[in-house]
Amino acid sequence: MWKNTKAVIFDLDGTLADSMWIWKEIDIRFLAQRHLPMLEGLQREIEGLSMRETAVYFRERFGLKDTEEELMGEWNDMAYRAYVSEVPWKPGAEQFLTQLRQEGIAMGIATSNSPELVKAFLLARGKEDFFDCVVTANEVSRGKPAPDVYLKAKDRIGAAPEECLVFEDILPGIAAGHNAGMKVCAVYDDYTKDIDEEKRSAADFYIRDYYDLMRGGKIWKDFCR
């Protein structure tokens with residue numbers, strides 16, 4: 001897993017932050033305010049999309065008159081407080097990040113979330129300077145499973161694809177990492193527990209939580225699947 005690894009790139013939601021539950025609640029509340037039904041499987045349909053791509057999807061699927069900017073602004077406002085004060089780290093994530101920093105391994109975030117919410121989450125937890133780069137899908141032309149967000153992250157870090165290890169919690173994200181030519185470790189999340197075996201099969205490695213990667217408080221370099 002660690003052979004030739006010089007950079008680790010994380011997705012945020014469901015991977016570093018235990019936040020996937022928020023977005024279903026926001027979708028339910030958002031649609032209810034407009035007297036629209038919550039569609040079965042909606043979250044699966046928009047997985048991996050950038051916030052702008054999601055806004056386009058909502059406008060087309062629900063016939064909304066709001067602009068993309070208005071939709072993204074409303075969602076950011078609805079989620080902001082939760083990202084500041086309610087969203088926890090995934091188990092062991094904060095300790096794992098500290099160990100990577102001490103090992104001198106470059107770190108980046110490549111996420112479909114908005115820059116405003118990523119910044120709010122990291123600032124509230126004092127980790128805004130932990131990462132060599134933060135790339136959001138709004139900065140690239142295509143969201144996951146396209147590799148764009150991971151390719152931009154590795155360029156900013158200055159690493160080759162084969163030197164990067166990606167952590168992801170959803171199938172489009174796992175595919176995005178592989179499409180970028182990187183190794184991918186799947187992370188368990190309650191939100192995707194129904195497809196956990198598919199994630200295991202799709203990824204190169206799999207963990208239940210970040211404590212799986214540490215022994216005695218240190219990174220377990222001999223970790224294998």
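The structure we're discussing is the one just above.
Figured I'd write up the structure that's included with this text. (Residues numbered from 1 in each chain as written. Predicted model: local features only at pLDDT ≥ 70, side-chain atom pairs only at ≥ 80, totals over all residues. Heavy atoms only, no water.)

Structural notes on the overall build of the chain
Then step 1. The number of helices and strands found in the chain is nine helices and eight strands.
Then step 2. Computed over C-alpha atoms, the radius of gyration of the chain comes to 17 Å, within 12% of the 17 Å expected from 2.2 N^0.38 for 225 residues, which places it in the range of a compact globule.
Then step 3. In terms of principal-axis extent, the alpha carbons of the chain reach across some 55 × 35 × 30 Å.
Then step 4. Scored against the burial criterion, the 225 residues of the chain give a buried share of 56%.
Then step 5. A gap of 3 Å separates the mean positions of the 30 positive and 40 negative side-chain charges of the chain. (Helix = DSSP H or I, 4+ residues; strand = E, 2+ residues; numbered from the N terminus. Rg over C-alpha atoms; globule rule 2.2 N^0.38 Å. Buried < 20%, exposed > 50% of the residue type's maximum accessible area, 1.4 Å probe, protein only. Lys, Arg positive; Asp, Glu negative; His and termini not counted. Charge placed at Lys NZ, Arg CZ, Asp CG, Glu CD.)

A few points about helix α8 (residues 171–179)
Then step 1. Among the residues of α8, P172, G173, I174, A176 and G177 are the ones counted as buried.
Then step 2. Turning to α8, the residues buried within the fold contact α7 (148–157), β4 (164–168), β5 (183–187) and α9 (196–202).
Then step 3. Just downstream of α8 lies G181, where phi reads positive at about 80 degrees. (Contact = heavy atoms within 4.5 Å.)

Observations regarding unusual backbone geometry
Then step 1. The linkage connecting K144 with the following residue, P145, adopts the cis geometry, with an omega of 20 degrees.
Then step 2. Of note, P145 is situated in the loop between β3 (133–136) and α7.
Then step 3. Not every positive phi belongs to a glycine, and H35 is a case in point at roughly 60 degrees.
Then step 4. On the accessibility criterion, H35 (73% relative accessible area) is exposed.

Topic: the packing of helix α4 (residues 68–85) against helix α6 (residues 115–124)
Then step 1. With their axes 9 Å apart at the nearest point, α4 and α6 run at an angle of 15 degrees to one another. In terms of orientation, α4 lies roughly parallel with respect to α6. For the pair α4 and α6, the sense of crossing is right-handed. Contacts from N76, A79, Y80, Y83 and V84 in α4 reach E116, L117, A120, F121 and A124 in α6. (Axes fitted to C-alpha atoms, helices over the stretch in contact; angles between N-to-C directions. Parallel < 35°, antiparallel > 145°, perpendicular 65-115°, else oblique. Left-handed = near helix turned anticlockwise from the far one by under 90°.)

Quick word on the side chain of D189
Then step 1. Position of D189 relative to the elements: it lies in the loop between β5 and α9.
Then step 2. Take D189: its relative accessible area is 3%, and that puts it in the buried class.
Then step 3. Discounting chain neighbours no more than four positions away, the residues touching D189 are G14, D18, M20, K90, D169 and K199.

A few points about the sheet that holds strand β2 (residues 106–111)
Then step 1. Reading across the sheet, the six strands line up as β3-β2-β1-β4-β5-β6 and stay open at both edges, with parallel pairing between neighbours. The outermost strands of the open sheet, each flanked by one partner alone, are β3 and β6 (205–207). The sheet shows a mean angle of 20 degrees between the axes of neighbouring strands, taken without regard to direction.
Then step 2. The sheet contact formed by strand β1 (residues 7–10) and β2 spans four bridges and is parallel. Bridging across to β2, A7 finds its partner in A106.
Then step 3. The strands touched by α8 within the sheet are β4 and β5, with β5 carrying the most contacts at an inclination of about 165 degrees. (Pairing = 2+ DSSP bridges.)

Regarding the layout of surface pockets
Then step 1. As a volume, the largest pocket reaches approximately 170 Å³.
Then step 2. Along its surface, the largest pocket is lined by K24, M38, L39, E40, G41, L42, Q43, R44 and Y191.
Then step 3. Per-class residue counts for the lining of the largest pocket are four nonpolar, two polar and three charged. (1 Å grid on protein atoms, 1.4 Å probe; cavity = no way out; pocket = protein on both sides within 12 Å on 5 of 7 lines; lining within 4 Å. Points joined across faces, edges and corners; volume = space filled by probe spheres on them. Nonpolar A, V, L, I, M, F, W, Y, C, P; charged D, E, K, R; others polar.)

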